[in-house]
Amino acid sequence: MKNATIVSITASAFTAIALTGCTLTLDAEKLETEISQGLTDQTGLVATDITCPEDQAIEAGNVFACEATLEGGQTLPIQVTQNDDEGNVNWNADEGLNNLRGLISAEALETQIAQGIVEQLGIETTIDCGGPYRVLLTGESFECTATANDGNGESATVQVTAEDDEGNVAWSLN
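Reading guide: rules and limits
Residues numbered from 1 in each chain as written. Predicted model: local features only at pLDDT ≥ 70, side-chain atom pairs only at ≥ 80, totals over all residues. Heavy atoms only, no water. Helix = DSSP H or I, 4+ residues; strand = E, 2+ residues; numbered from the N terminus. Contact = heavy atoms within 4.5 Å. 1 Å grid on protein atoms, 1.4 Å probe; cavity = no way out; pocket = protein on both sides within 12 Å on 5 of 7 lines; lining within 4 Å. Points joined across faces, edges and corners; volume = space filled by probe spheres on them. Nonpolar A, V, L, I, M, F, W, Y, C, P; charged D, E, K, R; others polar. Phe/Tyr/Trp six-rings, centres within 6.5 Å; stacked < 30°, edge-to-face > 60°. Lys NZ or Arg CZ within 6 Å of the ring centre and 35° of its normal. Disulfide = S-S within 2.5 Å. Buried < 20%, exposed > 50% of the residue type's maximum accessible area, 1.4 Å probe, protein only. Core = buried A, V, L, I, M, F, W, Y, C linked by side-chain atoms within 4.5 Å. Pairing = 2+ DSSP bridges. Axes fitted to C-alpha atoms, helices over the stretch in contact; angles between N-to-C directions. Patch = residues over 30% accessible without salt bridge, like charges linked within 9 Å, V, L, I, M, F, W, Y side chains within 5 Å. Areas by Shrake-Rupley, 256 points an atom, 1.4 Å probe, with all protein chains shown as cover. Salt bridge = Lys/Arg side-chain N within 4 Å of Asp/Glu carboxyl O.

**Looking at the overall build of the protein**
The helix and strand tally for the protein stands at 3 helices and 13 strands. Across the protein, contacts joining residues at least 24 apart in sequence account for 51% of those joining residues at least 6 apart.

**Some remarks on the layout of surface pockets**
Its boundaries defined by the atoms lining it, the largest pocket holds a volume of some 290 Å³. Lining the largest pocket are 15 residues, with Leu-45, Val-46, Glu-71, Arg-134 and Val-135 sitting closest to its centre. In terms of residue count, the dominant contributor to the lining of the largest pocket is strand E10 (residues 133-135) (3 residues). Class assignment for the residues of the lining of the largest pocket results in 7 nonpolar, 5 polar and 3 charged.

**Quick notes on the packing of aromatic side chains**
If you walk through the whole model with that rule in mind, you get 0 aromatic pairs. A cation sits over an aromatic face here: Arg-134 above Phe-142, 3.8 Å from the ring centre.

**Some thoughts on the state of the cysteines**
Counted under the stated rule, the structure contains 2 disulfides. Between Cys-52 and Cys-66 runs a disulfide, and the two sulfur atoms are separated by 2.1 Å. Disulfide Cys-52-Cys-66: torsion about the S-S bond near 115°, hence right-handed. On the criterion of sequence distance, the pair formed by Cys-52 in the loop between strand E4 (47-51) and strand E5 (63-70) and Cys-66 in strand E5 is long-range, its members being 14 residues apart. The same class applies to Cys-52 and to Cys-66, which are both buried. The disulfide partner of Cys-129 is Cys-144, and the S-S distance across this bridge is 2.0 Å. A torsion of 110° about the S-S bond marks the disulfide between Cys-129 and Cys-144 as right-handed.

**A short note on the nonpolar core**
Ranked by internal contacts, the top residues of the largest apolar core, which has 24 residues, are Leu-31, Ile-35, Cys-66, Leu-76, Ile-78 and Val-80. Secondary-structure elements contributing two or more residues to this core are helix H1 (28-43), E4, E5, strand E6 (75-82) and strand E7 (88-92). Once residues lying within four places of it in the same chain are set aside, the contact partners of Val-80 are Leu-31, Ile-35, Asn-62, Val-63, Phe-64, Cys-66, Val-89, Asn-90 and Trp-91. Membership of the second largest hydrophobic core comes to 17 residues, among which are Ile-113, Ile-127, Leu-136 and Cys-144.

**So, the sheet that holds strand E13 (residues 169-173)**
Here we have 4 strands laid out as an open sheet, ordered E9-E11-E12-E13, and antiparallel in their pairing. Strand pairing shows two members of the sheet lacking a second neighbour, strand E9 (125-128) and E13, which therefore form its edges. The sheet shows a mean angle of 30° between the axes of neighbouring strands, direction not considered. Bridging between E9 and strand E11 (residues 141-148) involves 4 bridges; their strand directions are antiparallel.

**A word on the pairing of E11**
Taking every second residue as pointing to the same face, the buried face of E11 carries Phe-142, Cys-144, Ala-146 and Ala-148, while none of Ser-141, Glu-143, Thr-145 and Thr-147 on the other face is buried. The pairing of E11 with strand E12 (residues 155-162) spans 7 bridges and is antiparallel. Bridge assignment links Thr-147 to a residue of E12, and that residue is Ser-155. Taking the residues between adjacent antiparallel strands as the criterion, E11 and E12 are bridged by 6 residues, where Gly-151 takes a positive phi near 95°.

**A look at a nonpolar patch on the surface**
On the surface, a nonpolar cluster with roughly 250 Å² of combined accessible area is contributed by Leu-121, Ile-123 and Leu-173. Tracing the backbone shows Leu-173 in strand E13.

**Topic: the pairing of E12**
Of the strand pairs in this sheet, E12 and E13 are connected by 5 bridges, and their pairing is antiparallel. Bridge pairing in E13 places Ala-162 opposite Val-169.

In structure tokens, the structure reads:
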């Protein structure tokens, strides 16, 4: 089953200013920390490293790229835009996220599994796969929890395995 991926994240503005010589520059370390935390908060993905260019002069409209290295080694380009001359920036990882190999949307997967259980067993369930996103490459697997919506609260484990790096997965109820 193909897991559709539609990703859109953008961080809110924050001020990151450092004084380098006589020039105001963005604080690359603070920016890297903000991107790392925001990426985890918004997507559930963990960056093992974020790299942004040093000594970026503060200039409204300036656009530059940072790069995140995710658990598993894939890299994610991040576009940073300076909003003003005071060090406020927005960052956006939409394009990079949409191009990650094996990116799985937990919400889309949960819907697919719940529909499959209804079709196969006639049981309405709530599925929890964590999330909101994860990277799952060919042969890798993880578990979701299926809880019956019948008031008894019975739950079962759903094993999800990647069939390829394009988001196609197979799942089985254990």
